[in-house]
Amino acid sequence: MPKRVDHGERRRRIAEALWRIASARGLDGASLRDVAAEAGISLGQLQHYFSSKDEMLVFALEHINEMATGRIRDRITALSDEPPAPRIVLREVAAEMLPLNDESRTGLLVQIAYFIRAVHDQQLQRHAREGAPALREFYAGLLRSAMERGEVAPDRDPETEAALFMALVDGLGSYALLGVHSPEEAMGLVDAHLGRLFGG
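Residues numbered from 1 in each chain as written. Predicted model: local features only at pLDDT ≥ 70, side-chain atom pairs only at ≥ 80, totals over all residues. Heavy atoms only, no water.

Caption draft 1: Focus on the overall build of the protein chain. Looking only at helices and strands, the protein chain has nine helices and zero strands in total. When the helices and strands of the protein chain are read in sequence order from the N terminus, they spell out α-α-α-α-α-α-α-α-α. Counting all 200 residues of the protein chain, 38% fall into the buried class. Taking all contacts inside the protein chain whose residues are at least 6 apart in sequence as the whole, residues at least 24 apart take part in 63%. Split by element, the accessible area of the protein chain, about 11400 Å² in all, is 53% carbon and sulfur. (Helix = DSSP H or I, 4+ residues; strand = E, 2+ residues; numbered from the N terminus. Buried < 20%, exposed > 50% of the residue type's maximum accessible area, 1.4 Å probe, protein only. Contact = heavy atoms within 4.5 Å. Areas by Shrake-Rupley, 256 points an atom, 1.4 Å probe, with all protein chains shown as cover.)

Caption draft 2: Structural context of the packing of aromatic side chains. Under the criterion given, the structure shown has three aromatic pairs. With centroids separated by 5.4 Å and ring planes inclined at 45°, the aromatic side chains of Phe50 and Phe59 adopt a geometry described as tilted. In terms of burial, Phe50 and Phe59 fall into one category: buried. On the basis of an interplanar angle of 45° and a centroid distance of 6.1 Å, the ring pair of Phe138 and Tyr139 is categorised as tilted. Residue Phe138 is classed as partly exposed on the basis of its relative accessible area, which comes to 39%. Members of the aromatic cluster, joined through ring pairs, are Phe138, Tyr139 and Phe165. Positioned above the aromatic ring of Phe59, the side-chain terminus of Arg11 is 4.5 Å from the ring centre. (Phe/Tyr/Trp six-rings, centres within 6.5 Å; stacked < 30°, edge-to-face > 60°. Lys NZ or Arg CZ within 6 Å of the ring centre and 35° of its normal.)

Caption draft 3: Here's a closer look at helix H5 (residues 86-97). The terminal C-alpha atoms of H5 lie 17 Å apart, and with twelve residues this matches the ideal 16 Å at 1.5 Å per residue to within 8%. If you check which residues of H5 are buried, you get Pro86, Val89, Leu90, Glu92, Val93, Ala94, Ala95 and Glu96. Buried positions along H5 lie against helix H4 (53-79), helix H6 (102-119), helix H7 (122-148), helix H8 (158-178) and helix H9 (183-197). (Expected span 1.5 Å × (residues − 1).)

Caption draft 4: Quick look at the pattern of salt bridges. Per the stated rule, a full pass over the model turns up eight salt bridges. For the salt bridge of Glu151 with Arg149, the shortest nitrogen-to-oxygen distance reads 2.9 Å. Here Glu161 makes a salt bridge to Arg156, at a shortest N to O gap of 3.1 Å. A single salt-bridge network, built from bridges that share partners, covers Glu137, Arg144 and Glu159. (Salt bridge = Lys/Arg side-chain N within 4 Å of Asp/Glu carboxyl O.)

Caption draft 5: Representation of the packing of H5 against H7. Viewed as axis vectors pointing N to C, H5 and H7 meet at an angle of 150°, and their least axial separation amounts to 9 Å. The orientation of H5 relative to H7 falls into the category roughly antiparallel. Taking contact as the criterion, the partners of Pro86, Val89, Leu90, Val93 and Met97 in H5 are, on H7, Leu135, Phe138, Tyr139, Leu142, Leu143, Ser145 and Ala146. Of the residues belonging to the contact of H5 with H7, the class tally is eleven nonpolar, one polar and no charged. (Axes fitted to C-alpha atoms, helices over the stretch in contact; angles between N-to-C directions. Parallel < 35°, antiparallel > 145°, perpendicular 65-115°, else oblique. Nonpolar A, V, L, I, M, F, W, Y, C, P; charged D, E, K, R; others polar.)

Okay, structure coming up:
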């Protein structure tokens, strides 16, 4: 009887092999053959799931985002059984998106490699743009909730503040990768920003 293959697990194994390569040496030199070898499968088996490097990269990025969302949910649940305050949610999302540990560092490296390719590839660019409005609206919704609770000044514009928060976290992530800021310094700057936004 032929061995049953868990296709979802194999796709995840391929994605994780891609992450390891991206984390160690970037994506430019990583061929499908390299990823197949890292995943412990044949090139033909890999091509059964992904016909191109870009297709594989999109899947890997989406899988990273799903895992990050799960970790954010776990972080917030561990803090309290009650619905968390908007400020706590913003802080925990930032903590997951910054390269504070090996997992988030690898995730950010894959994301940067993806964005570099997307600058010159319209199909990838369209895919990359899709997530930004949703993330901005998620942040804006949290800020509107905080304003209703009296935690953020009513004269703040939630959409503007959401865009600024996105830019802050993205910038700190890049500088933390380069060693300009330590992980502790990056989170300290997030806390300073939230302290000002939420009135201390």
